[in-house]
Amino acid sequence: MIKNEKQYEYSQECAKNFEYSIKMLDEDKALKQKDPDGWQLSRDVKQSHLMALQAEITEYERLINCDKSQPIKIEVESLNKLPDALIKARIAAKMSQNELADLLGIEQQRVQQYEDTDYQCASFVEILEVSTALGVEFETAVMQVDFEEIEAVKKNVAKWRNKKMNRVTKI
């Protein structure tokens, strides 16, 4: 996800480099004939990276060019993607990290830390405060409890604990 102007410019530069690389590959008829599978794989990989970058660039441009007189919708596929939505909301509001920090009554470095770590260092209350400051409102939230996933997590935790106990007993 592109989080600022510097990353946006770098992403645009990378996209141009991928476009050039694909163009050069397309013009390399000898390689295409000598190793068609390798040529196609290389082209597909470059094209895939280019498309991913273009999607991020398009999303960033949508955010920085949005009409502030209308609410913007930011989809959140899962709770794990909430940090991205908060960063996108700040970008769409054309608010700097410093301005958000002022609204929250905290240091700018704290907001930078939130965003650099995708809000992993923020408490739930801090996330709610950021959401409020950015005017983020949930229209609908549907949560699904996956019991198979719960059982898989329990098994992984048990394995991890057993490995940890085995290491401790060896020492």
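Everything that follows concerns the structure shown earlier in this document.
The structure presented is a predicted model; accordingly, all values stated were derived computationally and were not measured.

Inspection of the entire model under this criterion finds two aromatic pairs. Taking 5.2 Å as the distance between ring centres and 25° as the angle between the ring planes, the aromatic pair formed by Tyr114 and Tyr119 counts as stacked. On the accessibility criterion, Tyr114 (3% relative accessible area) is buried. By relative accessible area, which is 4% here, Tyr119 ends up buried.

Looking now at the packing of helix α1 (residues 5-27) against helix α3 (residues 36-64). Two elements in contact, α1 and α3, have axes separated by 9 Å at closest approach and are oriented at 150°. The orientation of α1 relative to α3 falls into the category roughly antiparallel. Of the two elements, α1 crosses α3, and the hand of that crossing is left-handed. Within the contact between the two elements, α1 uses Glu5, Tyr8, Ser11, Gln12, Cys14, Ala15, Phe18, Glu19, Ser21, Ile22, Leu25 and Asp26 and α3 uses Trp39, Ser42, Arg43, Lys46, Gln47, His49, Leu50, Leu53, Gln54, Ile57, Tyr60 and Glu61. Split into classes, the residues belonging to the contact of α1 with α3 amount to eleven nonpolar, seven polar and six charged.

A separate point is the pattern of salt bridges. In total, this model carries nine salt bridges according to the counting rule given. Across the pair Arg43 and Asp26 runs a salt bridge whose closest N-O atoms are separated by 2.6 Å. Separated by 17 residues along the polypeptide, Arg43 in helix α3 and Asp26 in helix α1 bring together distant segments of the chain. Accessibility expressed as a relative area gives 26% for Asp26, which makes it partly exposed. The closest approach of N and O atoms between Lys73 and Glu139, which form a salt bridge, is 2.3 Å. Note that Lys73 is positioned in the loop between α3 and α4 (82-92) and Glu139 in the loop between α7 (124-133) and α8 (147-170), a separation of 66 residues in sequence. The same class applies to Lys73 as to Glu139, namely exposed. If you follow the salt bridges from partner to partner, you end up with Glu59, Arg62 and Lys88 in one network.

Rules and cut-offs
Residues numbered from 1 in each chain as written. Predicted model: local features only at pLDDT ≥ 70, side-chain atom pairs only at ≥ 80, totals over all residues. Heavy atoms only, no water. Phe/Tyr/Trp six-rings, centres within 6.5 Å; stacked < 30°, edge-to-face > 60°. Buried < 20%, exposed > 50% of the residue type's maximum accessible area, 1.4 Å probe, protein only. Axes fitted to C-alpha atoms, helices over the stretch in contact; angles between N-to-C directions. Helix = DSSP H or I, 4+ residues; strand = E, 2+ residues; numbered from the N terminus. Parallel < 35°, antiparallel > 145°, perpendicular 65-115°, else oblique. Left-handed = near helix turned anticlockwise from the far one by under 90°. Contact = heavy atoms within 4.5 Å. Nonpolar A, V, L, I, M, F, W, Y, C, P; charged D, E, K, R; others polar. Salt bridge = Lys/Arg side-chain N within 4 Å of Asp/Glu carboxyl O.

Keep in mind these values describe shape, not function.
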